[in-house]
Amino acid sequence: MPQENAGMKAPLILEVKGNALDDGPGIRSVVFFKGCPLSCTWCHNPESKRIGLEIGFEAKTCAGCDTCINLCPEQALSRDNPFFINRARCTLCFECVDACPSGALTRIGIPMTIDEIVARVIRDKPFYDTSGGGVTLSGGEPTMFMAFAGELLKALKAAGIHTMVETCGLFDLDRFNEILYPWLDLIYYDIKLIDKNAHTRYCGTSNEKILENFKSLYRRGRNGGTPVLPRTPLIPGITDTPENIRAVAEFLTACEVSEARLLPYHPLWQEKNHKIGISPDTGNSKEMDQWLDNQVLAECRTIFEAAGLSV
């Protein structure tokens, strides 16, 4: 199997999570890539936004021994800092991480070869086979690393493993069709916002290519290609508004979509932001600090179902 081929852009991996039940059919392993072309305000995996290495700090795990503070050559650590780490001074030498006795300081992102990932997930193949599961590439955004992801998917298919990708849809469609598509059994595709100005405001870029890519891939899936399942995360006051949900439903029905998913919101991402030194701008909305209200979920489901979508 080819390893890090010349010119292949290898990603950092956040985690290879086993026994996953929410990222595709059956029991799955999920490979989380680090790096994303979007910058969603509510990102539930904010540690996956940046491509490069980062240091995470878990205040609840810290033993308060000050070992890291005393040895940091850049004096970048301080209990007076609300995030503990002055990231403008930190040079990512990771001396503090290596010395931390409690594991409160961690590396975010690890290099892994294709062989290493396959070896990690293939030991769970009996669970995939008995449950109809497999391996999901997620993130972050796996399509930022087309060559690497394509070789990984190819290796997984050679091992007889069901494969799928979770994507935001912002990629070069020709390269996707050439490099990833032949090795995919299923695609989960996020449709967050229809209004391009709102998408730019909350996700950092326009959604025009995302919507066009979806139309093409879904049409191909309906004609015997890889199935595509659209998903809409329900973010309080942003994506879960009746106006946006109706617009998403209209877009999907125009594409002749019959089935879609609604993803309930949860506020756990805010704690993750603190871990990597980010103060999230939630618009001071109390709703963003709470789990999604079941009534809102029911109302969104009703709009989808009224449009003829199975949810």
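Quick summary incoming for the structure in this document.

This brings us to the overall build of the protein. A tally of regular secondary structure across the protein gives 11 helices and 10 strands. For the protein, the C-alpha atoms occupy an extent of roughly 60 × 50 × 35 Å along the three principal directions. Here the protein holds 311 residues, and 46% of them are scored as buried. Counting contacts in the protein only where the partners sit at least 6 residues apart, residues at least 24 apart contribute 71% of the total. About 14600 Å² of surface is accessible on the protein, with carbon and sulfur atoms providing 49% of the total. Side-chain charges of the protein comprise 32 positive and 39 negative groups, with the mean position of each set lying 2 Å from the other.

Here we take up helix 11 (residues 294-306). An ideal rise of 1.5 Å per residue puts 18 Å on 13 residues; helix 11 measures up with 18 Å between its terminal C-alpha atoms. Listed in full, the buried residues belonging to helix 11 are Leu 297, Cys 300, Ile 303 and Phe 304. The buried residues of helix 11 occupy an angular sector of 125 degrees when projected down its axis, which confines them to one face. In helix 11, the exposed positions angled more than 90 degrees off the buried face are occupied by Asn 294 and Ala 306.

Where helix 6 (residues 173-180) contacts helix 8 (residues 208-222), the two axes come as close as 11 Å, and the packing angle between them is 35 degrees. Residue-level contacts link Leu 173, Phe 176 and Asn 177 of helix 6 to Asn 213, Ser 216, Leu 217 and Arg 220 of helix 8. Taken together, the residues that form the contact of helix 6 with helix 8 break down as 3 nonpolar, 3 polar and 1 charged.

We now examine unusual backbone geometry. That bond from Gly 139 to Gly 140 is cis: its omega, 5 degrees, falls within 30 degrees of zero. Looking at the element boundaries, Gly 140 is found in the loop between strand 6 (134-138) and helix 5 (146-158). Positive phi outside glycine occurs at Glu 256, with the angle close to 65 degrees. Relative to the helices and strands, Glu 256 resides in the loop between helix 9 (242-254) and strand 10 (261-263).

Let us look at the pattern of salt bridges. Taken as a whole and assessed by the stated rule, the structure comprises 16 salt bridges. Here Glu 54 makes a salt bridge to Arg 50, at a shortest N to O gap of 2.7 Å. Residue classification places Arg 50 among the partly exposed positions, given a relative accessible area of 42%. Between Lys 215 and Glu 212 there is a salt bridge, and its shortest N-O distance comes to 3.2 Å. Separated by 3 residues within a single helix, Lys 215 and Glu 212 lie in helix 8, roughly one turn from each other. Exposure remark for Lys 215: the relative accessible area of 33% places this residue in the partly exposed category.

The strand order across the open sheet built from 8 strands is 5-1-2-6-7-8-9-10, with neighbouring strands paired in mixed fashion. Of all strands in the sheet, those bounded by a partner on one side alone are strand 5 (110-111) and strand 10. Alignment of strand 2 (residues 28-33) against strand 6, held across 5 bridges, turns out to be parallel. Directly across from Ser 29, in strand 6, lies its bridge partner Val 135.

Each value, and the rule that gives it
- Residues numbered from 1 in each chain as written.
- Predicted model: local features only at pLDDT ≥ 70, side-chain atom pairs only at ≥ 80, totals over all residues.
- Heavy atoms only, no water.
- Helix = DSSP H or I, 4+ residues; strand = E, 2+ residues; numbered from the N terminus.
- Buried < 20%, exposed > 50% of the residue type's maximum accessible area, 1.4 Å probe, protein only.
- Contact = heavy atoms within 4.5 Å.
- Areas by Shrake-Rupley, 256 points an atom, 1.4 Å probe, with all protein chains shown as cover.
- Lys, Arg positive; Asp, Glu negative; His and termini not counted.
- Charge placed at Lys NZ, Arg CZ, Asp CG, Glu CD.
- Expected span 1.5 Å × (residues − 1).
- Arc of directions from axis to C-beta.
- Axes fitted to C-alpha atoms, helices over the stretch in contact; angles between N-to-C directions.
- Nonpolar A, V, L, I, M, F, W, Y, C, P; charged D, E, K, R; others polar.
- Salt bridge = Lys/Arg side-chain N within 4 Å of Asp/Glu carboxyl O.
- Pairing = 2+ DSSP bridges.

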